[in-house]
Amino acid sequence: MTNDDATRAVIDKLGDQPGETLTPERVEAIQTAMHEDLGRFIDNTSYFVLGSYGEEERPRLEAVRDKLASDAAASNSDDGVDAFLMDDILDMSEFFTSKFKLLVSYADHIVGVYEHSQGGHAWEAGYIDQPTYRERTRAFYRTYETEREQYAAYDGMFAHYLLSMARVDRAYTWTTPEELRDWIEDVYAPD
């Protein structure tokens, strides 16, 4: 399958979903955006970093993105690496869910950094909790000092998602940014 065929297959899948019918103009805009950014998925190992874009949480997402990119660069590998947040690429702000589905379909690694279950990242976690994406996904979730704080941070559905990821050794807990950085370094250490 060529890159054009792969892009077309993803777009066709998106357009078949209820509420996401894509006009010919939107299909062309998506294809153009994908062609402009496609090299980052083909020529590099890609890390799609998910989580809350809240004012408090975003710096930790950016730190994870930067850590993944800098560790890979320091490994002296010939392989390129691209770690990114959703808003780093593909300006398709009108269709956030379509953009997410495209990026997650192409990313080599899906890195969830979670501190609570309030926001769009909870929907994203639900979407990637399927066989197609699970092998490529790791969840790094913050734990809190008390059970009450923990319960307030994660609703039952999201807590179950994290538990299911832990059961297959794909979830890691952290309480400080330093612990998060250490987990990222350990889990994604070059071979």
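Analysis parameters
- Every chain's residues receive numbers from 1 upward, in the order its sequence appears when written.
- Thresholds applied to this predicted model are a pLDDT of at least 70 for local features of residues and 80 or more for the giving and counting of side-chain atom pairs; totals over whole chains, interfaces and linings are not thresholded and use all residues.
- Each side-chain value is derived from all of the structure's non-hydrogen atoms; neither hydrogens nor water enter the calculation.
- By the convention used here, strands pair only if DSSP detects at least 2 bridges between them.
- Helix numbering and strand numbering both begin at the N terminus, where a helix is a DSSP run of H or I of at least 4 residues and a strand a DSSP run of E of at least 2.
- Every angle, taken between N-to-C directions, lies between 0 and 180 degrees, and every axis is a line fitted to C-alpha atoms, over only the stretch in contact when it is a helix.
- One speaks of a salt bridge when a side-chain nitrogen belonging to Lys or Arg is within 4 Å of a carboxyl oxygen belonging to Asp or Glu.
- To sort residues, take the accessible area from a 1.4 Å probe on protein chains only and compare it with the maximum for the residue type: under 20% means buried, over 50% means exposed, and anything in between is partly exposed.

K.L.:
So what exactly am I meant to see when it comes to the sheet that holds strand E5 (residues 171-174) here?
P.N.:
The strands that make up a sheet are held in pairs by hydrogen bonds between backbone atoms, and each pair lies either parallel or antiparallel. Read across the open sheet, the five strands follow the order E2-E1-E3-E4-E5; overall the sheet is parallel. This sheet does not close on itself; its edge strands, each paired only once, are strand E2 (80-84) and E5. Strand-to-strand twist across the sheet, computed as the mean angle between neighbouring axes with direction ignored, equals 20 degrees. Judged from the four bridges that link them, strand E4 (residues 137-142) and E5 form a sheet pairing that is parallel. What sits directly across from Ala139, in E5, is Ala171.

K.L.:
Help me understand the pattern of salt bridges in this model?
P.N.:
Pairing of side chains with opposite charge becomes possible as their charged atoms draw close. Going through the model one piece at a time under the given rule, you end up with 10 salt bridges. Ionic pairing is found between Glu115 and Arg60, a salt bridge with its closest N-O pair at 2.6 Å. Here Glu115, found in the loop between strand E3 (109-114) and helix H6 (120-128), pairs with Arg60, found in helix H4 (residues 58-74); they are 55 residues apart in sequence, far enough to count as distant. In this structure, the salt-bridge partner of Arg170 is Glu135, at a minimum N-O distance of 2.8 Å. Of this pair, Arg170 sits in the loop between helix H9 (156-167) and E5 while Glu135 sits in the loop between helix H7 (131-134) and E4, placing them 35 residues apart in sequence. With relative accessibility at 13%, the residue Arg170 sits in the buried group.

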